[in-house]
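Here's the letter readout for the chains.
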Amino acid sequence: MSIEIALAAPHPSALDAAADVVAAGGGVVDAALAAAAALTVAYPHQCSAGGDLIALVRTPDDRVRAVLSVGAAAAGVDVAALRAAGDRMPAGGPLTVTVPGVVAGWAALADLGGRLPLARVLAPAVELAAGGVPVSLGLAAAILRRLDVVRADPGLAALLLDGDGTPLPAGAVLRQPALARTLGTIGADWRDYYQGELADTLTAGLAALGSPLTTADLAGHAAELTDPLRYSAAGSQVTWSVAPPPSQGATLLAMLAAAGRTADGGPAAGGATSARPADAAALTTARTAEQRRDTLLGDPRVGPVDLDGLLLRTDPPTGPVPPPGPKPAGDTVAVTAVGNDGTTVTLIQSVFQTFGAGICEPGTGLVLHNRGSVFSLDPAHPGRLRPGARPPHTLCPAIATGPDRVVALGCQGGRAQPWILAQVAADALTTADPAGLLARPRWVIGARDVGQDRPSLLLEPDTPATDALRAAAADLNLRVVQLPQRHDDAGHVQLARLTPAGLDAASDPRADGAARVLRGH
């Protein structure tokens, strides 16, 4: 039986890698994994095998599973010393590196429906790393934006600067032989990353920089397979699935539920009603959901998490809302894939901030994430730093299923992912022009995480209902910032679908990406 797969990703090399493995007999999971691995080569400013992964997988029988491969803080982390040094975690550096979860996440996904050996799935990425990939416009801009960080780290400098210290320009060939060897080892036996020579090399390199991570910390990591959080609007046959905590999926679900209540004529969160424009109601909900997330999100493995509070089902908690962490610009890549049998994957992998912790470990070629920077140092916060705790996570992929369609969504956008996805979610189910949908102007809210010194509403040019949004922003004490053009802070959404009209996909024009329907056997 022939197979067709709609796939979207933020860089063309990801589509090429996926097409290669589909031609070799791979299925939806293999295609998504090949794309994800290629992105760790082509987009080292946004993702790496030294980062984390969260994904959703739907099987043809309509069962959805969540894969949470989110790494924990080191067992030997010195919490007291960090508290003594300041009131918040460092923005980068070795103390922000938690156990990387991507590789275990790849293995868990492969177990949920992969057809090919992992070595074959990763082969295009290995070839890309060894042979070289042209520097994209996005990567070139990221090098310039974080040039001080790149120059300060020997690994990043050797990777991204030429012999005289000049940043690699767009179009230059980026070769990564150490990463090629690492990806080859992972393909042969992914466990080596956590319990073998790769683990030894990685932890030794990090220890030399002052990281408390040990081989025991890596060996203790396992991807979590669990049920998603789910929501169906009243009278709707469509069900949305998102990842549970420590993902901020509950914040996205709160946005979708509020939109459903508004559409039914009921009140939305925060007091907005259907008498107000839907965009203004969404903004009000987003602000409420943002504050709940910042106050309540943590790791359910190490302490209770108020899920009803995150979903806006209860009264708001008392006490101050903690300040947001560092700006996670260029933090993430999403891959979405849907097969003609309804098999669906939406995965997101990330280094959090651009180039993560600002460390490329030379022996492995791995760029390390800085997810630990979002831990709270407040001893009463559910997301506080503790040995073995997973940090609150921004990644929130989503799947919508109905009797005649399935939609996979994911995006780059840091903490703004819930309201970015909420602005396209409803129309993603029905639009005849998915590319046009992703090109529409959007708004986002945030503070330091969107480069602002106070809570702000950012508007792309020609954002719908601008007057209503400005009025709602004034009610919420949000400063309004008019962006001059489409902006990375408005996210890079990837969409793939199966509808009665067939398979299609779209990639956000704010990225370097592409979408394609792949065919194989």
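Before any of the text, the structure's been laid out above.
My aim in this report is to walk through the structure given alongside it, one point at a time. (Residues numbered from 1 in each chain as written. Predicted model: local features only at pLDDT ≥ 70, side-chain atom pairs only at ≥ 80, totals over all residues. Heavy atoms only, no water.)

Focus: the packing of helix α1 (residues 12–23) against helix α5 (residues 118–131)
Their axes nearest at 9 Å, the elements α1 and α5 cross at an angle of 140 degrees. On the basis of their axis angle, the class for α1 and α5 is oblique. Relative to α5, the crossing made by α1 is right-handed. Facing α1, whose interface residues are S13, A17, D20 and V21, α5 presents R120, V121, P124 and L128. Class assignment for the residues of the contact of α1 with α5 results in five nonpolar, one polar and two charged. (Axes fitted to C-alpha atoms, helices over the stretch in contact; angles between N-to-C directions. Helix = DSSP H or I, 4+ residues; strand = E, 2+ residues; numbered from the N terminus. Parallel < 35°, antiparallel > 145°, perpendicular 65-115°, else oblique. Left-handed = near helix turned anticlockwise from the far one by under 90°. Contact = heavy atoms within 4.5 Å. Nonpolar A, V, L, I, M, F, W, Y, C, P; charged D, E, K, R; others polar.)

Examining the sheet that holds strand β3 (residues 64–69)
Taken in spatial order, the seven strands of this open sheet run β6-β3-β2-β10-β9-β1-β20, and their pairing is antiparallel. The open sheet is flanked by β6 (224–226) and β20 (514–520), the only strands paired with a single partner. Within this sheet the neighbouring strands show an average axis-to-axis angle of 15 degrees, counted without direction. Pairing between strand β2 (residues 52–58) and β3: six bridges, direction antiparallel. When the sheet's bridge partners are listed, R58 is paired in β3 with V64. Sheet strands touched by α1: β1 (3–9) and β20. Its angle to β20, the strand with the most contacts, is close to 5 degrees. (Pairing = 2+ DSSP bridges.)

Some points on the packing of aromatic side chains
Taken as a whole, this structure holds two aromatic pairs when the rule is applied. Ring centres of W190 and Y194 lie 6.2 Å apart, and the angle between their planes is 75 degrees; on these two criteria the pair is classed as edge-to-face. You can call W190 partly exposed: its relative accessible area is 24%. The exposure class assigned to Y194 is buried, which follows from its relative accessible area of 3%. Look at Y193 and Y194: their rings are 4.9 Å apart centre to centre, the planes differ by 55 degrees, and that puts the pair in the tilted class. You'll find Y193 and Y194 in the same group, each marked buried. Among the aromatic residues, those joined into a cluster by ring pairs are W190, Y193 and Y194. (Phe/Tyr/Trp six-rings, centres within 6.5 Å; stacked < 30°, edge-to-face > 60°. Buried < 20%, exposed > 50% of the residue type's maximum accessible area, 1.4 Å probe, protein only.)

Examining unusual backbone geometry
A cis amide bond links P245 with the next residue in sequence, P246, at an omega value of 15 degrees. Secondary-structure assignment places P246 in the loop between β8 (239–242) and α13 (249–263). Despite not being glycine, L312 has its phi angle at roughly 65 degrees, a positive value. Mapped onto the fold, L312 is located in the loop between α15 (307–310) and β9 (332–339). Look at L312 and you get buried, because its relative accessible area is 14%. Positive phi, normally seen in glycine, also occurs at N477, with a value near 60 degrees. Residue position: N477 is located in the loop between α18 (466–475) and β17 (479–482). Taking relative accessible area as the criterion, N477 reaches 57% and is therefore assigned exposed.

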